[in-house]
Structure formats: structure tokens, C-alpha cells
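Per-entry structural report
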Amino acid sequence: MRRIAFTVNGTRHELEVEPRELLVYVLRERLGLTGTTVGCDTSSCGACTVLLDGESVKSCTVLGVQAENRELTTIEGLAQNGSLHPVQEAFHEAHGLQCGYCTPGMVMATVSLLAENPRPSEAEIRLALEGNLCRCTGYQNIVKAVQAAAAS
């Protein structure tokens, strides 16, 4: 076991983790942050996307020990003072979700995209989200949600 310290959604945590333990399981099982979903365990779907020092990463490809002294944001950390984050609001308003399983990863990837490129084209949106799979929506409303978030 290895003792690590890191910040998640603004709160500092110190935990003992196994060196081989994936970050997605540290978040879900150790911290109870179940908004980060496990879709494939192979980095194919993007459902587990979180922000690590502001960059989107698939938390099923990051070891918990790699988060040491770093800052993470999960879907639970986006809303502030009871108000949805503008990207969450845009997904809701544009019906950019169906079953919702991929939504946390899509939202986190969108937050990262808009931080880097506040006014992406449709092609740039589609390229940025290509690592996040949705089996329900057909992506049209997801793209509309990202465009709406970019316009706000």
C-alpha cells in the first residue's frame, strides 16, 4: 500500500492505495464519487472521463498513485451552490443525453474542450468527443449541447 494525497472537487484527501489500483475505482469505491462511471475498463468508451489538473483523462487508464499531489474534478464537482455548470445545463436543455450512462464523461470532455477552445466548430466538437461513446443518442443532441454551452 502507498499513502497518497490529492484534491478532488476542492477537497483534500489522503488515502492508502494499492499501486495497481485504478483511479476510477479510487474515486468510486474509496471516495463514493459514483458519477464517474465504468463503461468498459479498456479506455474505449470515455464514460470514466475526469479532469486531472484541468485536462480530461479516462480514469480507467490512470493509476490512483498517479494522482498524488494533483487536482481532480469529477462530475460531482461541476455544480456550484446548487446551480448546474453551464455545460451540464446545456446538456439538459438540448436533450444531449438519453440513458445518461455516458453523460458524465461527455460533460467532462466538453468542459475540457471548451477550456481549450471556447468556440469550437462542429467538426472540432466531433473530433474532441470521438473518444467518448454513446450508444443511445446518435450524437446530434450532444453536439447541439456543446454548441449551446459554447454560446453561453
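Residues numbered from 1 in each chain as written. Predicted model: local features only at pLDDT ≥ 70, side-chain atom pairs only at ≥ 80, totals over all residues. Heavy atoms only, no water.

1. Considering the sheet that holds strand S2 (residues 11-17)
- Pairing is mixed across the open sheet formed by 5 strands, whose spatial order is S2-S1-S5-S3-S4. Two strands lie at the open edges of the sheet, namely S2 and strand S4 (55-58), each paired on one side alone. The mean inter-strand angle of the sheet, taken between neighbouring strand axes irrespective of direction, is 40°.
- Inspection of the sheet shows strand S1 (residues 2-8) paired to S2 by 7 bridges, in the antiparallel sense. Opposite Ala5, over in S2, you have Glu14 as the bridge partner.
- The sheet contacts of helix H1 (residues 23-30) involve S1, S2, strand S3 (49-52) and strand S5 (71-73), and relative to S2 the element is tilted by about 105°.
- Strands S3, S4 and S5 of the sheet are contacted by helix H3 (residues 103-116), whose axis makes an angle of about 40° with S3. (Pairing = 2+ DSSP bridges. Helix = DSSP H or I, 4+ residues; strand = E, 2+ residues; numbered from the N terminus. Axes fitted to C-alpha atoms, helices over the stretch in contact; angles between N-to-C directions. Contact = heavy atoms within 4.5 Å.)

2. Quick look at the pattern of salt bridges
- In the structure shown here, the tally under the stated rule is 7 salt bridges.
- Between Arg2 and Glu68 there is a salt bridge, and its shortest N-O distance comes to 2.5 Å. Remark: Glu68 occurs in the loop between S4 and S5 and Arg2 occurs in strand S1; sequence separation between them is 66 residues.
- Residue class for Arg2 comes out partly exposed when judged on its relative accessible area of 38%. (Salt bridge = Lys/Arg side-chain N within 4 Å of Asp/Glu carboxyl O. Buried < 20%, exposed > 50% of the residue type's maximum accessible area, 1.4 Å probe, protein only.)

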